[in-house]
Amino acid sequence: MHKSQDPVMQEKREALARFLGVDNTALRISNGHLYGFRAFFHGNDEAYLVLSDEEATQAAENAVQDKIWLICLESLFAYFDLESYPADLLGKVKTKEIRQANEEIKKLIYHTCGMEPLRKRMLTYGNRKNLLADYDQTEHEQEGFFIYRLY
């Protein structure tokens, strides 16, 4: 995992450590980015995004594109009141197929209303936590940062 000398990342790490009630050395910073930002790992089975308000909005806007397949299925199932969930298909469909479907749906959106109006509308309805907190769809505030549990 990546150790950061960035003072903002250190502030985020300390805020998350206090939120979790752990020593900040128990948190590792990801090497890669998710929705444009580095995540924090605690143990082997927890990951978090810790973002400012502006960063959280930007990350959520980025997440819309990556999760358009999920958003479409959730909307479809909810519209028809079906007892089925997009997560049900994850073990049955390959990641490559999901990415291909996501790309095709994005093309349809780009040729109709465009992605920007969809992003803005989704965030207007308060979907930031749903887009970023895969684990519990909850946004926690800690010391000026918003914390989202990924898993």
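For the structure itself, consult the block above.
Reading the values: rules and limits
- Residues numbered from 1 in each chain as written.
- Predicted model: local features only at pLDDT ≥ 70, side-chain atom pairs only at ≥ 80, totals over all residues.
- Heavy atoms only, no water.
- Core = buried A, V, L, I, M, F, W, Y, C linked by side-chain atoms within 4.5 Å.
- Buried < 20%, exposed > 50% of the residue type's maximum accessible area, 1.4 Å probe, protein only.
- Helix = DSSP H or I, 4+ residues; strand = E, 2+ residues; numbered from the N terminus.
- Contact = heavy atoms within 4.5 Å.
- Polar contact = N/O pair within 3.5 Å; in protein donor to acceptor, adjacent residues only side chain to side chain.
- Arc of directions from axis to C-beta.
- Salt bridge = Lys/Arg side-chain N within 4 Å of Asp/Glu carboxyl O.
- Pairing = 2+ DSSP bridges.

Asks: Help me understand the nonpolar core in this model?
Replies: Here is a general trend for soluble globular proteins: nonpolar side chains tend to be buried in one another's company. Counting 24 residues, the largest nonpolar core has Leu 49, Leu 51, Val 64, Leu 131, Leu 132 and Tyr 148 as the members making the most contacts within it. Only β3 (46–51), α2 (53–66), α3 (68–79), α5 (115–124), α6 (128–132) and β5 (145–149) provide two or more residues apiece to this core. No other element matches α2, which puts five residues into this core. Every residue in contact with Leu 131, bar those within four places of it in the chain, is listed here: Tyr 35, Ala 60, Ala 63, Val 64, Lys 67, Ile 71, Met 122 and Leu 123. One finds Ala 17, Ile 29, Tyr 48 and Val 50 within the second-largest nonpolar core, a separate group that totals 11 residues.

Asks: Even after reading the chapter, I still don't get the side chain of Ser 30, so can you show me in this structure?
Replies: When you line up the elements, Ser 30 lands in the loop between β1 (27–29) and β2 (40–42). Of the residues examined, Ser 30 reaches a relative accessible area of 7% and is grouped as buried. Looking at Ser 30, its side chain comes within polar contact range of the main-chain oxygen of Gly 32, at 2.8 Å.

Asks: Would you mind showing me how to read α5 here?
Replies: Helical geometry: 3.6 residues make up each α-helical turn, so side chains three or four residues apart lie on a common side. Every buried residue of α5 is accounted for by Met 115, Arg 119, Met 122 and Leu 123. Down the axis of α5, the buried side of the element spans an arc of 95 degrees, and every buried residue falls inside it. For α5, the exposed residues set more than 90 degrees away from the buried face come down to Arg 121 and Thr 124. Looking at the buried residues of α5, the elements they touch are α2, α3, α4 (95–110) and α6. Two residues or fewer past α5, Gly 126 is found with a positive phi of approximately 75 degrees.

Asks: Hey, could you run me through the pattern of salt bridges in this one?
Replies: Opposite charge on two side chains allows them to pair when their charged atoms are near. According to the stated counting rule, one finds 10 salt bridges in the structure shown. Of the charged contacts in the structure, one is a salt bridge between Glu 104 and Lys 107, with a shortest N-O distance of 3.2 Å. With Glu 104 and Lys 107 both in helix α4 and three residues apart, this pair spans about one turn of that helix. Taking relative accessible area as the criterion, Glu 104 reaches 44% and is therefore assigned partly exposed.

Asks: Explain the pairing of β5 here, please?
Replies: Regular strands show a simple pattern: their side chains alternate between the two faces of the sheet. The buried fraction of β5 is high, at five of five residues. Here β5 shows a buried face lined by Phe 145, Ile 147 and Arg 149 and a second buried face lined by Phe 146 and Tyr 148. As judged from the four bridges shared by β3 and β5, these two strands associate in the antiparallel manner. Its bridge partner lying in β5, Leu 51 is registered against Phe 146. Inspection of the sheet shows strand β4 (residues 140–142) paired to β5 by three bridges, in the antiparallel sense. Bridging across to β5, Glu 141 finds its partner in Phe 146. Linkage of β4 to β5, two consecutive antiparallel strands, is achieved through a turn of two residues, within which Glu 143 is found at a positive phi near 55 degrees.

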